[in-house]
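Per-entry structural report
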Amino acid sequence: MFGWEFPPHISGGLGTACYGLVKGMVHHNQEVIFVVPKLWGDEEELADFVNASDITIDYREKKFKSIWKNLTYLEVSSFLVPYLGPEEYQKFTDYAIHDRTDVDESIFTTKYEFSGKYGKNLMEEVSRYALTAAQIARDRDDYEIIHAHDWLSFPAGIAAKEISGKPLVAHVHATEYDRSGESVNKPVFDIEKAGMEAADHVVAVSQLTKNTIIRRYGIPAEKVSVLHNAVLDASIIKSKYEKKVPEKIVTFLGRITFQKGPEYFVEAAKKVLDRDENVRFVMAGSGDLLNRMIDRVAELRMGHKFHFTGFLKGDDVDHMYAISDVYIMPSVSEPFGIAPLEAVRHNTPTVISKQSGVAEVLQNAIKIDYWDVDAMADATFALLHYQGISKMFKELGSEELKNLKWEHVAARLVKIYEKTLAQ
Amino acid sequence: MRTICFYFQVHQPYRLKPYRFFDIGDDHYYWDDFLNRNVMRRVAQKCYLPMNALLLELIERHKGAFKVTFSFSGTYLDQLEAYAPDVLESFQRLVATGHVEVLSETYGHSLAALKSKEEFARMVNQHKEKIQKLFNGYTPKVFRNTELIYSDQIGEMVADMGYKGILTEGAKHVLGWKSPNYVYQNSIKPELKVLLKNFLLSDDIAFRFSNKTWKDYPLTVEKFISWIKPIPASEPVLNLFMDYETFGEHQWKETGIFEFMRALPEAVLSQTNYGFSTPSEVLNQVEPVSPIQVPYPISWADEERDLTAWLGNDLQDEAFDRLYELEKIVRKLDDPDLIRDWNYLQTSDHFYYMCTKFFSDGDIHSYFSPYDTPYDAFINYMNVLSDFVLRIKEKQKELEAV
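Quick caveat: nothing in here was measured; it's all calculated off a predicted structure.

What to know about the overall build of chain A
Counting secondary structure elements, chain A contains 15 helices and 12 strands. Per-residue burial for chain A yields a buried fraction of 49% across its 423 residues. Counting contacts in chain A only where the partners sit at least 6 residues apart, residues at least 24 apart contribute 69% of the total.

This is the structure in structure tokens:
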């Protein structure tokens, strides 16, 4: 498998998903070689880890030249990464605006130290990663199939396939359309498309993502399988943290960006508060739409019942889930979206948008169209006032969570491998 | 003989500490003691202590021919008692000379005049008691509303409270062709006289003094004298109103502002037919020329000289309306802790920090704001206000239970 990050050194959900999947594969006695640009040494010993930074490239291999030819250097200018925290995002855009560097000879040195981050020289690292992948694919023969996670490692997957002739599975955790809406970054789109086309089979984290892959990338439906994410730990979290305010709390927790649909949460909040003063709405997170949301809240005259916490980390995230009476995820486009499952673990009933992958697996949640603020308000009001439904969600939701295991996901992946190898 | 009226606004707000959503309902202390103390000590060293010493020296040297006027907000006086008793003492010495007038205002340096007559009156009264307590029974006779905010209606309220005069801005859009260098009357209650700030000459000192791109830089005493001499002899007063922090804080001592002030009184007294007076003296000596119509409130802030520094955008209006919803219940509960925070929460600075006029006067606003953005100011204020509301509800419950 080619990934880009692995716990504990992760900046978002991609690393966590890879971790869960590898763990599931190990459960089924599958041996996994897991390649990342940079290993830190404190990763859990689940797989045969390969640190791409340690690989020495032997340029006498002729095929490398042709691989390199296909790796056109690409300039970076927008949202590139599947699950990026706000701070990384800020750093990243700063880089994209001010700090473009040209790809240089350092790619062609025999050894290369990857940062493994999503920052400076991302495209350079992606290209170099592909060369390294080719070297690894040539050196080793103890594998049957190649599996690449998201566009960052697609060039690596393609290169490894070219060298070894072994089948490639491209795993799509998020597409450029999810990250950037309609203003897609063409180079990234091109890599994604090339990866999916070169792959023998494509895996999508949701039906929603599969539809995007078919519609936007022109990949035939029969070549794409849906493999939903799961949770690492389905246990219920009993927090000792206590709420300090008498009102009920309704929470939005995530990046305040176009993709997450924060404005629909604000509009729905107004509708709820008009009917029930005894609620506080909390928007936790930061992002480029934050100030617009604050303006809108003030304009709707609900600043006394609508609060902004800024970016939360560590225990504060758990506390926020713990004191919430309803959790809302109004995402406009969410390939999967693990956050509502975290809310379920805290026994918090959830309202989620139909435009999210998680809506396909979580039954005990209210699902609405992200733009339907009336429905969102109705659902919120119901969960706050009708104990029956929220009680049911709490009980059944936690049961449901127990079935969302990475073992099950891995079992299905093994089937996909078998089918692909048989082709 | 004509006269110059020097008036200084002396004010510091109680700034809020960073107050998070998680603090609501849990932490009932809102004030950033460290920051407030820090600002007070810094400004004391740079401005209050050296300038008070200079004024005392000038008053003594000129044997009362030089006079000045102050207004102290209640939030300022509270912080003096807490952080700078040395400064308080030096102000007390100044007032004791008998050549310093102290004006009346609202305790919280608030915008209450725009919202509620009752709250306005309560705050003015509380301020009066504070002045009497700190300055040996001194009772102010002339009024200065927060940031010189004035309208016909505000003047009427002030007249009803028994004041003889009020200070405000000589705003161009109110004066038109008229000169600020006369005494005017409130258009509803002619017994209330109105003194208008000469904003050109005031701002030459307060804002432009050290501005090297200003064509008249550097401002010297000779230059200033040459500007006031040709003012028509029929114009009896020259009102120079400014922030006290002009001296040493807005204009650093390196700019020569202290030397300017040290030399100015002597030059005025010896080279012109101007003397110095306090507002009460002006009102007693000078006949008003006519009423002045101010149907919409004016202030001394920003280019517009209106209220838009504090009110008008959604953030400000929301915070302001939410705050004053509580007015009646807070007064009814009459709890000392609640009243204290209620006073401090009304301070106009909190709304000033939420101003989004980034383009014309934005840098002035950001200079004075402890927040990075107006949005941060709004979030923090609303969190605090939410907790304040919870405390009011608690107190109500307590009382009902008794």
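The rest of the description comes next.
Structural notes on the overall build of chain B
Counting secondary structure elements, chain B contains 16 helices and 10 strands. Radius of gyration (C-alpha) of chain B: 21 Å, near the 21 Å computed for a compact globule of 402 residues. For chain B, the C-alpha atoms occupy an extent of roughly 70 × 45 × 45 Å along the three principal directions. In chain B, buried positions account for 46% of the 402 residues. For chain B, restricting intrachain contacts to residue pairs at least 6 apart in sequence, the fraction spanning at least 24 positions comes to 77%.

Here's the deal with the interface of chain B and chain A
If you look at the interface, chain B gives 20 residues, while chain A gives 15 residues. Elements supplying a minimum of two residues to the side of chain B that touches chain A: α11 (314-324) and α16 (374-401) of chain B. A per-element tally of the side of chain B that touches chain A places α16 of chain B first, with nine residues.

Digging into the packing of helix α1 (residues 33-61) of chain B against helix α9 (residues 257-271) of chain B
All names here are of chain B. Relative to each other, α1 and α9 sit at 15 degrees, their axes nearing to 10 Å. Classified by the angle their axes make, α1 and α9 are roughly parallel. Here α1 runs over α9; the crossing is right-handed. Where α1 abuts α9, its residues Pro50, Leu54 and Leu58 lie against Phe258, Met261, Arg262 and Pro265.

Considering the nonpolar core
Core analysis: the biggest nonpolar cluster contains 232 residues, and Ala133 and Val202 of chain A together with Phe378 of chain B have the highest contact counts within it. For this core, the element with the highest residue contribution is helix α4 (residues 122-139) of chain A, accounting for 10 residues. Apart from the residues lying within four places of it in its own chain, the contact partners of Val202 of chain A are Ala170, Val172, Met196, Ile213, Ile219, Lys223 and Val224 of chain A.

Remarks on the pairing of strand β4 (residues 168-172) of chain A
All names here are of chain A. With respect to burial, β4 is a largely interior element, five of its five residues being buried. Covered by surrounding structure in β4 are Leu168, Ala170 and Val172 together with Val169 and His171, the residues of both alternating faces. Direction of pairing for strand β3 (residues 146-149) relative to β4: parallel, over a ladder of four bridges. Bridge pairing links His147 to Val169 in β4.

Thoughts on the domain arrangement of chain A
Residues and elements named next belong to chain A. If you check the domain split of chain A, you get domain 1 (13-230 + 410-420) and domain 2 (248-402). On the domain 2 side, the residues contacting the 16 residues of domain 1 number 15 residues. Breaking the side of domain 1 that touches domain 2 down by element, the ones donating at least two residues are α6 (176-180) and α8 (207-217). Among the residues forming the side of domain 1 that touches domain 2, the class breakdown is five nonpolar, nine polar and two charged.

So, the UniProt feature "domain: Glycosyltransferase subfamily 4-like N-terminal" (unreviewed entry) in chain A
Under the UniProt annotation, the feature "domain: Glycosyltransferase subfamily 4-like N-terminal" (unreviewed entry) is placed at residues 130-231 of chain A. Taken end to end, residues 130-231 of chain A comprises 53% helix and 16% strand; its first and last C-alpha atoms sit 30 Å apart.

A few points about the pairing of strand β8 (residues 237-243) of chain B
Residues and elements named next belong to chain B. Most of β8 sits inside the fold, with six of its seven residues counted as buried. Sheet topology places strand β1 (residues 2-10) next to β8; seven bridges connect them, and they run parallel. The partner of Tyr7 across the bridge, within β8, is Phe241.

Description of α1 of chain B
Residues and elements named next belong to chain B. Its maximal kink placed at Ala44, α1 deviates by approximately 60 degrees. Within α1, the full set of buried residues consists of Asn36, Ala44, Cys47, Tyr48, Met51, Asn52, Leu55, Leu58 and Ile59. On the buried face of α1, the contacting elements are β2 (68-72), α2 (74-83), α3 (85-96) and α9. Once α1 finishes, Lys63 follows within two positions and takes phi at roughly 50 degrees, a positive value.

Topic: the domain arrangement of chain B
Residue and element names in this part refer to chain B. The assigned domain composition of chain B is domain 1 (2-291) and domain 2 (314-401). Computed from C-alpha atoms alone, the centre-to-centre distance between domain 1 and domain 2 is 25 Å. In this complex, domain 1 contributes 28 residues to the contact, which on the side of domain 2 involves 20 residues. Breaking the side of domain 1 that touches domain 2 down by element, the ones donating at least two residues are α2 and α4 (117-134). In terms of residue class, the side of domain 1 that touches domain 2 is built from 12 nonpolar, nine polar and seven charged.

Comments concerning the UniProt feature "domain: Glycosyl transferase family" (unreviewed entry) in chain A
The feature "domain: Glycosyl transferase family" (unreviewed entry), as given by UniProt, occupies residues 237-385 of chain A in the numbering adopted here. Secondary structure content for residues 237-385 of chain A is 36% helix and 19% strand, and the end C-alpha separation is 23 Å.

Points about the sheet that holds strand β5 (residues 201-204) of chain A
Neighbouring strands of a sheet are bound in pairs by backbone hydrogen bonds; such pairs are parallel or else antiparallel. Residue and element names in this part refer to chain A. Taken together, the four strands give an open sheet; going across it, the order is β3-β4-β5-β6, and neighbouring strands pair in parallel fashion. The strands lining the two open edges of the sheet, one partner per strand, are β3 and β6 (224-226). In this sheet, adjacent strand axes meet at a mean angle of 25 degrees when their direction is disregarded. Here β4 pairs with β5 via four bridges, running parallel. Directly across from Val172, in β5, lies its bridge partner Ala204.

Things to note about the environment of Tyr129 of chain A
Residues and elements named next belong to chain A. Along the chain, Tyr129 falls in helix α4. In this structure Tyr129 comes out as buried when scored by C-beta crowding, with 27 C-beta atoms within 10 Å. Residues Tyr129 and Pro37 lie 92 residues apart in sequence; the distance between their C-alpha atoms is 6.7 Å.

Quick notes on the confidence of the model for chain B
Looking at chain B, the pLDDT average stands at 95 and 98% of residues meet or exceed 70. As a predicted assembly, this complex carries a pTM of 0.83 together with an ipTM value of 0.78.

A closer look at the confidence of the model for chain A
Residue and element names in this part refer to chain A. Looking at chain A as a whole, its pLDDT mean stands at 86, while 86% of the residues score no less than 70. The low-confidence segment residues 72-90 (pLDDT under 50) makes 45 contacts with residues lying over four places distant or belonging to another chain. With pLDDT under 50 throughout, residues 92-105 is counted as low confidence; its partners more than four residues away or in other chains account for 14 contacts.

A few points about the sheet that holds strand β9 (residues 306-310) of chain A
Residue and element names in this part refer to chain A. Strand order in this open sheet of six strands is β9-β8-β7-β10-β11-β12, and the pairing throughout is parallel. Two strands close off the open sheet at either side, each with one partner strand: β9 and β12 (366-368). With direction set aside, neighbouring strand axes in the sheet form an average angle of 20 degrees. Note: strand β8 (residues 279-284) against β9, four bridges, orientation parallel.

Some words on unusual backbone geometry
That bond from Pro7 of chain A to Pro8 of chain A is cis: its omega, 10 degrees, falls within 30 degrees of zero. Mapped onto the secondary structure, Pro8 of chain A falls in the segment before α1 (13-27). With an omega of -5 degrees, the peptide bond between Tyr217 of chain B and Pro218 of chain B qualifies as cis. Mapped onto the secondary structure, Pro218 of chain B falls in the loop between α7 (199-206) and α8 (221-228). Phi at Asn29 of chain A is positive, roughly 55 degrees, even though this residue is not glycine. If you trace the backbone, Asn29 of chain A turns up in the loop between α1 and β1 (33-36). One non-glycine residue, Asp150 of chain A, lies in positive phi territory at about 65 degrees. Turning to its location among the elements, Asp150 of chain A is positioned in helix α5 (residues 150-164).

Criteria and thresholds
Residues numbered from 1 in each chain as written. Chains lettered and ligands numbered in written order. Predicted model: local features only at pLDDT ≥ 70, side-chain atom pairs only at ≥ 80, totals over all residues. Helix = DSSP H or I, 4+ residues; strand = E, 2+ residues; numbered from the N terminus. Buried ≥ 20, exposed ≤ 12 C-beta atoms within 10 Å, placed from the backbone. Contact = placed C-beta atoms within 7 Å. Rg over C-alpha atoms; globule rule 2.2 N^0.38 Å. Axes fitted to C-alpha atoms, helices over the stretch in contact; angles between N-to-C directions. Parallel < 35°, antiparallel > 145°, perpendicular 65-115°, else oblique. Left-handed = near helix turned anticlockwise from the far one by under 90°. Core = buried A, V, L, I, M, F, W, Y, C linked by C-beta atoms within 7 Å. Pairing = 2+ DSSP bridges. Domains from an automatic or database assignment. Nonpolar A, V, L, I, M, F, W, Y, C, P; charged D, E, K, R; others polar. UniProt positions renumbered as here; feature names shortened; annotations may be inferred. Bend = angle between axes of the 7 residues up to and from the residue. pLDDT = per-residue confidence, 0-100.

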